[in-house]
Every structure is written in structure tokens, then in C-alpha cells.
Amino acid sequence: MREMAVEEAPRTTSNEDQTNDINTKSNHRIRGGDNGEEVEPEEGEIVGGDDSSSSKQSTSVVHQPHPLEHSWTFRFDNPSAKSKRASWGSSIRPIYTLATAEEFWSIYNNIPHPSKLAVGADLYCFKYKIEPKWEDPICANGGKWTVTYARGKSDTSWLYTLLAMIGEQFDHGDEICGAVVNVRARQEKISIWTKNASNDAAQMSIGKQWKEFLDYTDTIGFIFHEDAKKLDRSARNKYSI
Ligand code: MGP
């Protein structure tokens, strides 16, 4: 993964939860370079003092966090909150914003996978500061590819989708806003939201690569958010692959 600047991203969202603790512990740094800057040991280097007294102390391997190209925010919309919401999206809650591979696994391993979520739930993983709404300025001119699975059968594809996104596996990864899994009574839908629906070459590339990553053989469709806004469920696929 390439170097990235994530300094401006917060470590957590407003929802303080137990994963904050994991985050704090996994992001320690070694201080003490010539100019007082942070010094990172080499991968796998054993860190400890070089005098005899410290050699008596236990040595430890420092695990450096692996920064991701982008920060990502998990959000959740739970069915009971949805039923009471004033407007669409007002019950979507942030869970955690992550910036490293380690944080990703901490959160992924501590939240239910789609098969364990209640019917009606929506779980989102979007780039930091992009809201999973048609109204978001970055999503507004975008659209989405969708794959569908029978109830309880999307867990692996959800994970592969997340890994492909955060691991920057898409040639047009800059086009991607994020992904959502919608858990419904008869099916689970995973969608990848993109930014510029009219950029057909980028959309087709993303759709094609996504199908390969998931080993998904059925035809998938791409709907423009603009059409979904106007036509609701009558919106038709503009691209398919
Ligand atoms: P959905 O949840 O994307 O589809 O949109 P689903 O899962 O087929 O339907 P559900 O009823 O089982 O949840 C459902 C409806 O929510 C749409 O028809 C819109 O009315 C509304 N909606 C969905 N999205 C993604 C948005 C959005 O981004 N903004 C607004 N204002 N409404 C939305």
C-alpha cells in the first residue's frame, strides 16, 4: 500500500466505544531521533536498550501500524431506529473511523457480519467525510453497482469488497465513495457507490473488477443516483456488465 497522509482524520467518530482503546494501544510510536523526530524501527526489528541492564528486561517487537491510502468510516442504520426516523438517513450512526489495516481488523472483527444483522439493517463503509447519501456533494452526481445474495450469504463478498476498497485494488479507486450492505428479508445487497456516474469507462472498470474480486458471475447493474431520486424503484440500470 502506498504512503498516505491521514493526519487530519480523527481517530474516532463522536461515538466513543471500546475500540478506541484498541486503537490507542496499537498506535504507539518510538520517539528519539537525532532531531527529536519520531523514529520507526525496521520491520521486525527487536527494540530494547543496548546496555546490559536493559538486556535483562524483556525485549519486545514493535508492530508498526500499516496506514491505508484513505481513512474509512463505518456507519450503521438499525431497523428499529429507522422505523422512528424523521427523514431518510437521520438514523444512520457512525461507528468508527479507521486509518490503518490494524484498525480495520479491530473493527471488522468486533462488528456483526451481514448474516448476523437484523433484517432491515444497513452497514456502510465510506471514505472519511463522504456521507452515504444522494445529498452528499461528492455522491450527488454518482451512482451504484449492486450485487445480490440470498439472506445470510453475503458475508464473504462483503469482506472481499471492503478489502478491495481499503487495499486500493481498483484501477479507478479514486472514483469510489464507499460500500453498503442492505440486509433484507429475502436478500442481502452490497452496493459500491461511485462519484461520477457519467464517466462510463471508470464505472465499467469498477464493475468488471468488482465481479472478478467476488467471483460473481451474474450480470450486475449500475443505477445513477439522479435517476433513483426522480424515479425511485422504477430507476433502470444505465450500465450493466
Ligand atoms: P434503499 O434503502 O436504497 O433501497 O432505498 P431498498 O433496500 O431496496 O429499500 P428498503 O425500503 O427495503 O430500504 C429505499 C428508499 O429510501 C428509496 O426509494 C428512497 O426513497 C430512500 N433513499 C435511499 N437512499 C439511498 C436515499 C438517499 O441517499 N437519500 C434520500 N433522501 N433518500 C434515500
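- Per an unreviewed UniProt entry, the protein goes by the name Eukaryotic translation initiation factor 4E-1 and belongs to Quillaja saponaria.
- Reading the Sequence similarities (unreviewed entry) entry of the UniProt record for the protein gives the comment "Belongs to the eukaryotic initiation factor 4E family."

Some thoughts on the overall build of the protein
- Assigned secondary structure in the protein consists of seven helices and ten strands.
- The proportion of buried residues among the 241 residues of the protein is 29%.
- In the protein, the proportion of contacts linking residues at least 24 apart, taken out of those at least 6 apart, comes to 67%.

A closer look at the sheet that holds strand E5 (residues 122-127)
- Strand order in the open sheet formed by eight strands is E4-E3-E5-E7-E8-E6-E9-E10, with antiparallel pairing between adjacent strands. Each of the sheet's edge strands pairs with one partner strand only, and the pair in question is strand E4 (93-100) and strand E10 (239-240).
- Of the strand pairs in this sheet, strand E3 (residues 67-77) and E5 are connected by six bridges, and their pairing is antiparallel. Looking across to E5, one finds that Asp-77 is bridged to Asp-122.
- With respect to the sheet, helix H4 (residues 101-108) is in contact with E3 and E4, its orientation differing from that of E4 by roughly 145°.

Some words on the site of the ligand
- Around the ligand lies a shell formed by Trp-88, Gly-89, Lys-133, Trp-134, Glu-135, Asn-182, Arg-184, Asp-232 and Arg-233.
- A breakdown of the residues in the shell around the ligand according to their chemical character gives two nonpolar, two polar and five charged.

Points about helix H6 (residues 200-214)
- The terminal C-alpha atoms of H6, which comprises 15 residues, lie 21 Å apart, in line with the 21 Å expected from a rise of 1.5 Å per residue.
- The complete set of buried residues in H6 reads Ala-202, Gln-203, Ile-206, Gly-207 and Trp-210. With its buried residues spanning 130° around the axis, H6 presents them on a single face. More than 90 degrees from the buried face of H6, the exposed residues found are Asp-200, Ala-201 and Glu-212.
- Taken together, the buried residues of H6 touch strand E6 (143-150), strand E7 (176-183), strand E8 (187-194), strand E9 (221-224) and E10.
- Just past H6, the residue Asp-215 takes up positive phi, approximately 60°.

Focus: unusual backbone geometry
- If you check the backbone angles, Lys-129 has positive phi at about 80° while not being a glycine.
- Here Lys-129 is to be found in the loop between E5 and E6.
- In this structure, Glu-168 takes a positive phi of about 55° despite not being glycine.
- Summarising the element assignment, Glu-168 is placed in the loop between helix H5 (155-166) and E7.

Some words on H5
- The terminal C-alpha atoms of H5 lie 17 Å apart, and with twelve residues this matches the ideal 16 Å at 1.5 Å per residue to within 8%.
- Among the residues of H5, those classed as buried are Ser-157, Trp-158, Thr-161, Ala-164, Met-165 and Ile-166.
- Contacts from the buried residues of H5 go to E3, H4, E6, E7, E8 and H6.
- One or two positions beyond H5, positive phi appears at Glu-168, with a value near 55°.

Structural notes on the confidence of the model for the protein
- Scored by pLDDT, the protein has a mean of 83; 76% of the residues are at 70 or more.
- For residues 1-39, every residue scores under 50 in pLDDT, and the model assigns this stretch 53 contacts once sequence neighbours within four places are set aside.
- Between residues 43-55, whose pLDDT stays under 50, and residues either more than four places distant or in other chains, the model counts twelve contacts.

Section: the environment of Lys-116
- Relative to the helices and strands, Lys-116 is located in the loop between H4 and E5.
- A tally of 11 C-beta atoms within 10 Å means that Lys-116 is categorised as exposed.

Observations concerning the environment of Val-147
- Residue position: Val-147 is located in strand E6.
- Taking the C-alpha atoms as reference, Val-147 lies 8.5 Å from Asp-218; in sequence the two are 71 residues apart.

Overview of the environment of Ala-99
- Mapped onto the elements, Ala-99 comes out in strand E4.
- Considered as a pair, Ala-99 and Leu-68 are 31 residues apart in the sequence and their alpha carbons are 5.6 Å apart.

Conventions and cut-offs
Residues numbered from 1 in each chain as written. Predicted model: local features only at pLDDT ≥ 70, side-chain atom pairs only at ≥ 80, totals over all residues. UniProt positions renumbered as here; feature names shortened; annotations may be inferred. Helix = DSSP H or I, 4+ residues; strand = E, 2+ residues; numbered from the N terminus. Buried ≥ 20, exposed ≤ 12 C-beta atoms within 10 Å, placed from the backbone. Contact = placed C-beta atoms within 7 Å. Pairing = 2+ DSSP bridges. Axes fitted to C-alpha atoms, helices over the stretch in contact; angles between N-to-C directions. Near = placed C-beta within 6 Å. Nonpolar A, V, L, I, M, F, W, Y, C, P; charged D, E, K, R; others polar. Expected span 1.5 Å × (residues − 1). Arc of directions from axis to C-beta. pLDDT = per-residue confidence, 0-100.

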